[in-house]
Amino acid sequence: ETGVTQSPTHLIKTRGQQVTLRCSSQSGHNTVSWYQQALGQGPQFIFQYYREEENGRGNFPPRFSGLQFPNYSSELNVNALELDDSALYLCASQEQAPSNEQFFGPGTRLTVL
Amino acid sequence: QKEVEQNSGPLSVPEGAIASLNCTYSDRVSQSFFWYRQYSGKSPELIMSIYSNGDKEDGRFTAQLNKASQYVSLLIRDSQPSDSATYLCAVNKDNFNKFYFGSGTKLNVKP
């Protein structure tokens, strides 16, 4: 167990809807990253939050947005859902430099119909 | 060109053998390197991290990094059926703000 939790475990939405996924990071970690993992692929970096600010972003459109709260928990919001958004969404809690090791939560399986 | 390349496998080895998993990366400024194991339907689990050229050993696992060749490998000694999983290579760059994963290599350890 990494101490990183995510909710919900599974979610089914329809195209065009909006979704919010949640993550609680490991104690002492102030950096959280979000990833999208399609079936048979490696995780794709969406963005990273450090002390409540976005600190890096991958090649995802603006309809993917996030928040980090003072307790370092985080949300991923996706607007205008598309069928291709169906994936496992992973949150990773990161240790401080120089380690930078990331520890993943169990993920949220999102299905868009 | 992908940031991180891995052979998708599957790589099949008999129980007790050494499994060798390989990964190449495209950007020389990559700074940190990680190996994760992912069982089907589960999230990735960190196995090893390596930051400087050479070997790093942890139990049955050895990570090897060659920055000149932009190459990272993971050796698993005395492979067990429980090692059967997908192994993901990840690199970290851009002042630690971006992580890139390969597509993973599926390892099958046959009893």
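Scroll up to find the structure this text is about.
Residues numbered from 1 in each chain as written. Chains lettered and ligands numbered in written order. Predicted model: local features only at pLDDT ≥ 70, side-chain atom pairs only at ≥ 80, totals over all residues. Heavy atoms only, no water.

Visitor: What is the right way to look at the interface of chain B and chain A in this model?
Guide: For an interface, size is often stated in terms of accessible area lost upon the parts coming together. Contacts between chain B and chain A engage 19 residues on the former and 23 residues on the latter. When chain B packs against chain A, close to 1,600 Å² is buried across both sides, 51% of that on carbon and sulfur atoms. Linking chain B with chain A are zero salt bridges, by the criterion used here. On inspection of chain B and its partner chain A, the count reaches five residue pairs in polar contact (both at pLDDT 80 or more). Looking at the side of chain B that touches chain A, the elements with two or more residues in it are strand E4 (32-38), strand E5 (45-50), strand E9 (85-93) and strand E10 (98-101) of chain B. The dominant element in the side of chain B that touches chain A, judged by the number of residues it contributes, is E4 of chain B, at four residues. Across the side of chain B that touches chain A, the residue classes tally to nine nonpolar, eight polar and two charged. (Contact = heavy atoms within 4.5 Å. Buried area = accessible area lost by both parts, 1.4 Å probe. Salt bridge = Lys/Arg side-chain N within 4 Å of Asp/Glu carboxyl O. Polar contact = N/O pair within 3.5 Å; in protein donor to acceptor, adjacent residues only side chain to side chain. Helix = DSSP H or I, 4+ residues; strand = E, 2+ residues; numbered from the N terminus. Nonpolar A, V, L, I, M, F, W, Y, C, P; charged D, E, K, R; others polar.)

Visitor: I tried to follow the pattern of salt bridges on my own but got confused; where do I start?
Guide: It is possible for side chains of opposite charge to pair when their charged atoms get near one another. Counted by the stated rule, this structure contains eight salt bridges over all chains. A salt bridge links Glu82 of chain A to Arg63 of chain A; the shortest N-O distance between them is 3.3 Å. One end of the pair, Glu82 of chain A, is in the loop between strand E8 (74-78) and strand E9 (87-94); the other, Arg63 of chain A, is in the loop between strand E6 (53-57) and strand E7 (64-68), with 19 residues separating them in the sequence. With relative accessibility at 40%, the residue Glu82 of chain A sits in the partly exposed group. A relative accessible area of 17% places Arg63 of chain A in the buried class. Among the ionic pairs, Glu45 of chain B bridges to Arg37 of chain B, the shortest N-O distance being 3.1 Å. We classify Arg37 of chain B as buried; its relative accessible area is 14%. Counted as one network, the salt bridges with shared partners bring together Arg37, Glu45, Arg60 and Asp83 of chain B. (Buried < 20%, exposed > 50% of the residue type's maximum accessible area, 1.4 Å probe, protein only.)

Visitor: Hey, could you run me through the sheet that holds E7 of chain A in this one?
Guide: For sheets, the rule is that strands pair by backbone hydrogen bonds, running either parallel or antiparallel. Residues and elements named next belong to chain A. With respect to topology, four strands assemble into an open sheet ordered E1-E3-E8-E7, the strand pairing being antiparallel. This sheet does not close on itself; its edge strands, each paired only once, are strand E1 (5-7) and E7. Sheet twist, expressed as the average angle between the axes of neighbouring strands with direction ignored, equals 20°. Bridge count between E1 and strand E3 (residues 19-24): three bridges; the pairing is antiparallel. Across the sheet, the residue bridging to Thr5 is Ser24, located in E3. (Pairing = 2+ DSSP bridges. Axes fitted to C-alpha atoms, helices over the stretch in contact; angles between N-to-C directions.)

Visitor: Looking at this structure, I do not really get the nonpolar core. What am I missing?
Guide: In globular proteins that are soluble, nonpolar side chains generally tend to be buried together. Counting 23 residues, the largest nonpolar core has Phe33, Trp35, Val72, Leu74, Ile76, Tyr87 and Leu107 of chain B as the members making the most contacts within it. If you list the elements that add at least two residues to this core, you get strand E3 (19-25), E4, E5, strand E7 (61-66), strand E8 (71-76), E9 and strand E11 (105-110) of chain B. Of all hydrophobic cores here, the second largest spans 20 residues; its members include Val19, Leu21, Val78 and Val112 of chain A. (Core = buried A, V, L, I, M, F, W, Y, C linked by side-chain atoms within 4.5 Å.)

Visitor: Please clarify how the packing of aromatic side chains should be interpreted in this entry.
Guide: One pair of aromatic rings is described through two measures. These are the centre distance and the angle between the planes. Inspection of the entire model under this criterion finds eleven aromatic pairs over all chains. Pairing Phe104 of chain A with Tyr36 of chain B gives two aromatic rings, centres 5.4 Å apart and planes at 75°, and the pair type is edge-to-face. Of this pair, Phe104 of chain A sits in strand E10 (residues 102-104) while Tyr36 of chain B sits in strand E4, which puts the two residues in different chains. Overall, the relative accessible area of 2% leaves Phe104 of chain A in the buried class. Ring geometry for Tyr36 of chain B against Phe101 of chain B: centres 5.5 Å apart, planes inclined by 50°, an arrangement best described as tilted. You can see Tyr36 of chain B sitting in strand E4 and its partner Phe101 of chain B sitting in strand E10, a full 65 residues away along the chain. With respect to class, Tyr36 of chain B is no different from Phe101 of chain B; both count as buried. Here the aromatic cluster, defined as three or more aromatic residues joined through ring pairs, consists of Tyr35, Phe45 and Phe104 of chain A together with Tyr36 and Phe101 of chain B. Stacked on the ring of Phe61 of chain B, the Lys or Arg Arg60 of chain B has its end atom at 5.5 Å from the ring centre. (Phe/Tyr/Trp six-rings, centres within 6.5 Å; stacked < 30°, edge-to-face > 60°. Lys NZ or Arg CZ within 6 Å of the ring centre and 35° of its normal.)

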